[in-house]
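# Analysis of the macromolecular model
Residue-level listing of the chains:
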Amino acid sequence: MFAGIDDIDIGDTLITNENAGANAAEPLPPIAVEQPTVRMTLGVNKSPLAGREGKFLTSRMIRDRLFKELDRNVALNVEETESADRYMVSGRGQLHLTVLIETMRREGFELEVGPPSVIYKENEETGTKEEPWEAVEVRVPEEYVGGIVDLFNQRKGELQDMGIEGDEGMSVVKYLVPTRGMLGLRSAMLTASRGTAIIDSVFDSYRSSIAGDIQARDKGSLLAFSDGTVTTFGMEGAQDRGKLMVDSGSDVYKGMIVGIHQRPGDLEVNVCKTKALTNMRSATKGITTGITAPIDMSLDACVEYLAADELLEVTPTKFRMAKNPEMAGKKKKGKK
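What comes next is a walk through the structure. As the structure is a computational prediction, the values presented were derived from the model and not from experiment.

Looking only at helices and strands, the chain features eight helices and 18 strands. Residues counted as buried form 40% of the 336 residues belonging to the chain. If you take every contact in the chain between residues at least 6 apart in sequence, the share linking residues at least 24 apart comes to 70%. When the accessible surface of the chain is summed, it comes to about 20000 Å², and 50% of that surface belongs to carbon and sulfur atoms. Treating the 42 positive side-chain charges of the chain as one cloud and the 52 negative ones as another, the clouds have centres 12 Å apart.

This is the structure we're talking about:
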């Protein structure tokens with residue numbers, strides 16, 4: 001902490017001004033801070049279930065907290081957007097931003113988080129569009145190497161090296177992958193390797209942008225059909241359509257993501273359905289269906305799961321994902 005001196009930043013050198021600087025040492029070269037490569041939007045939680053848990057809810061509180069973070073987090077960048085209650089936050093990768101979101105969540109903030117996207121740059125010399133690339137190293141048992149290599153190839157990765165390390169039979173795979181392809185890749189690799197993969201990645205450089213889209217997730221979402229409370233009867237019917245993320249007794253609202261569809265495309269399911277109480281006998285009355293345990297989604301898993309038209313609601317105790325109502329309105333207008 002410095003007092004009496006303005007515009008002091010990390011990497012600056014302080015020298016004496018005695019004798020007009022004649023006895024001053026040579027200043028050290030400034031430290032180069034890595035530029036942000038990934039950005040996300042953070043804003044006020046607008047969901048129907050907002051305001052139930054958090055202590056800090058307003059746009060002013062969120063803005064003050066984000067700009068206060070800039071004092072110590074030099075690689076972070078915060079910009080105001082056209083919306084008064086939403087801010088664009090840029091950092092050195094997805095992990096850098098999720099650490100900030102987790103810190104704010106534990107402090108009592110409620111947030112609405114948008115999907116991550118990479119930051120493109122234009123080469124001043126050639127005028128071409130460039131995107132960030134990462135050097136990725138994965139250690140995985142030899143029997144899972146095929147699945148890992150297949151995932152990298154789907155994400156437009158370039159193989160750099162492959163070999164076996166030590167006597168434990170662990171294979172080491174090194175790739176150069178676009179940061180755009182790394183979004184959501186960690187969860188897929190852990191699934192393909194049964195949780196045995198050890199993944200390390202670091203920013204490499206900006207290179208020419210790859211034309212076209214990079215394959216993200218290949219399955220859609222299960223959406224809540226209406227507002228209400230999840231029932232076991234509703235879960236019995238919905239779990240046949242995919243894997244659920246909500247448990248019985250949870251509050252949901254229309255358009256909220258309650259599970260992963262087993263096929264491409266989104267599907268609305270009625271997880272709040274209640275069993276009709278009648279005096280009629282049923283041949284299947286004694287047959288009961290077991291409830292599969294829901295998936296426990298962490299903050300990192302939720303951020304990786306988000307598609308371009310989805311949002312994440314972050315509260316001190318819960319993570320909820322939902323379709324972006326603004327983009328849903330645009331899609332309906334486009335269909336008309």
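As a packed pair, helix α3 (residues 145–154) and helix α5 (residues 185–192) sit with axes 9 Å apart at the nearest point and diverge in direction by 155°. What the angle tells us is that α3 and α5 run roughly antiparallel. Judged by the twist between their axes, the crossing of α3 over α5 is right-handed. The segment α3 lies against α5, with Ile148, Leu151 and Phe152 engaging Leu185, Ala188, Met189 and Ala192.

Before going further, it helps to spend a moment on the nonpolar core. Of all hydrophobic cores here, the largest spans 31 residues; its most connected members are Leu42, Leu66, Leu111, Leu312 and Met321. Taken together, the elements giving at least two residues each to this core come down to β1 (38–43), α1 (59–69), β3 (86–91), α2 (94–107), β4 (111–113), β15 (257–261), α7 (299–305) and β17 (310–314). In this structure Met321 touches Met245, Met256, Ile257, Met297, Cys302, Tyr305, Leu306, Leu311 and Leu312, once residues within four positions along its chain are discounted.

According to the stated counting rule, one finds 21 salt bridges in the structure shown. The partner of Lys323 in a salt bridge is Asp266, and the shortest N-O contact between them spans 2.8 Å. Here Asp266 lies in the loop between β15 and β16 (267–269) and Lys323 lies in strand β18 (residues 319–323), a separation of 57 residues in the sequence. Salt bridges sharing common partners tie together Arg65, Glu69, Arg72 and Glu107.

Nonpolar side chains collect at one region of the surface, where Ile10, Ile31, Val33 and Val74 lie side by side and expose about 340 Å² of accessible area between them. Here Val74 lies in the loop between α1 and β2 (77–80).

On to unusual backbone geometry. Of note in the backbone geometry, Lys156 takes a positive phi value of approximately 65° without being a glycine. Among the structural elements, Lys156 can be located in the loop between α3 and β8 (158–165). The phi angle at Arg194 is positive, at roughly 60°, despite the residue not being glycine. If you trace the backbone, Arg194 turns up in the loop between α5 and β10 (198–208). For Arg194, a relative accessible area of 62% corresponds to the exposed category.

For His261, the position within the fold is in strand β15. In this structure the side chain of His261 is engaged in a polar contact, spanning 2.9 Å, whose partner is the backbone oxygen of Gly265. Not counting chain neighbours up to four residues away, the residues in contact with His261 comprise Lys219, Gly220, Ser221, Leu222, Arg241 and Leu267.

Two numbers describe how α1 lies on α2: the axes approach to 12 Å, and their chain directions differ by 130°. Compared by their axis directions, α1 and α2 come out oblique. The interaxial crossing formed by α1 with α2 has right-handed handedness. Contacts from Ile62, Arg65, Leu66 and Glu69 in α1 reach Leu100, Thr103, Met104 and Glu107 in α2. Within the contact of α1 with α2, the residues separate by chemical class into four nonpolar, one polar and three charged.

Glancing now at α2. Taking 1.5 Å per residue as the helical rise, α2 with its 14 residues ought to reach 20 Å, and the 20 Å between its terminal C-alpha atoms agrees with that figure. All of the buried residues along α2 are Gln94, His96, Leu97, Thr98, Leu100, Ile101, Glu102, Met104 and Arg105.

With that out of the way, let us pick up the side chain of Glu137. Among the secondary structure elements, Glu137 is positioned in strand β7 (residues 129–141). Those residues within four positions of Glu137 in sequence are excluded, and the remaining contacts are Val172, Val173, Lys174, Ile198, Ile199 and Asp200.

The subject of this paragraph is the pairing of β2. Relative to β3, β2 runs antiparallel, the two being bridged by four bridges. Within β3, the residue paired with Val78 across the bridge is Val89. Between β2 and β3, which pair antiparallel one after the other, the connecting turn spans five residues.

Within this model, the largest pocket holds a volume of roughly 1400 Å³. At the level of secondary structure, the elements contributing two or more residues to the lining of the largest pocket comprise β5 (117–118), α3, α4 (179–182), α5, β13 (242–244), β15 and α7. Here the lining of the largest pocket is composed, by residue class, of 20 nonpolar, 13 polar and 13 charged.

Conventions used here
In this numbering scheme, every chain counts its residues from 1 along its sequence in written order. In view of the model being predicted, local features appear only for residues whose pLDDT reaches at least 70, and side-chain atom pairs are presented and counted only at 80 or more, with totals across whole chains, interfaces and linings using the full set of residues. In computing side-chain properties, one takes all heavy atoms of the structure into account and sets aside hydrogens as well as water. Working definition: helices are DSSP H or I runs of at least four residues, strands are E runs of at least two. Numbering for both runs from the N terminus. A simple rule labels every residue: compare its accessible area, found with a 1.4 Å probe on the protein chains alone, to the largest value its type can have, and call it buried under 20%, exposed over 50%, or partly exposed in between. Residues count as neighbours in contact if any of their non-hydrogen atoms are within 4.5 Å of one another. Here the accessible surface of atoms and residues is derived via Shrake-Rupley with a 1.4 Å probe, and residues count as covered only by protein chains that are part of the display. Positive charges come from Lys and Arg alone, negative charges from Asp and Glu alone, with His and the N- and C-terminal ends not counted. Charged side chains are reduced to one point each, which is NZ for Lys, CZ for Arg, CG for Asp and CD for Glu. Orientation is described by axes fitted as lines to C-alpha atoms, over the contacting stretch for helices, and by angles from 0 to 180 degrees between their N-to-C directions. Note on angle classes: values under 35 degrees are labelled roughly parallel, values over 145 roughly antiparallel, values of 65 to 115 roughly perpendicular, and the remainder oblique. Note on convention: the crossing is left-handed when the near helix lies turned anticlockwise from the far helix by less than a right angle, right-handed when the turn is clockwise. To define a nonpolar core, start from buried Ala, Val, Leu, Ile, Met, Phe, Trp, Tyr and Cys residues and group those joined through side-chain atoms within 4.5 Å. Salt bridge criterion: a side-chain nitrogen from Lys or Arg within 4 Å of a carboxyl oxygen from Asp or Glu. The patch calculation keeps residues exceeding 30% relative accessible area without a salt bridge and links them within 9 Å when they carry like charges or within 5 Å when they are nonpolar (Val, Leu, Ile, Met, Phe, Trp, Tyr). The term polar contact refers here to a pair of N or O atoms within 3.5 Å; inside protein, the definition further demands a hydrogen-donor-capable atom paired with an acceptor-capable atom, and it admits residues adjacent in sequence only when both atoms are side-chain atoms. Amino acid classes used here: Ala, Val, Leu, Ile, Met, Phe, Trp, Tyr, Cys and Pro are nonpolar; Asp, Glu, Lys and Arg are charged; the rest, including Gly, are polar. Each helix should span, by expectation, one fewer than its residue count multiplied by 1.5 Å. Here, a strand pair is defined by DSSP locating no fewer than two bridges between the strands. The way it works is a 1 Å grid over only the protein atoms, where trapped points that fit a 1.4 Å probe form a cavity and open points with protein on both sides within 12 Å along at least five of seven lines form a pocket, and then any residue with an atom within 4 Å of a point lines it. Grid points are joined across faces, edges and corners, and a volume is the space filled by probe spheres set on the points.

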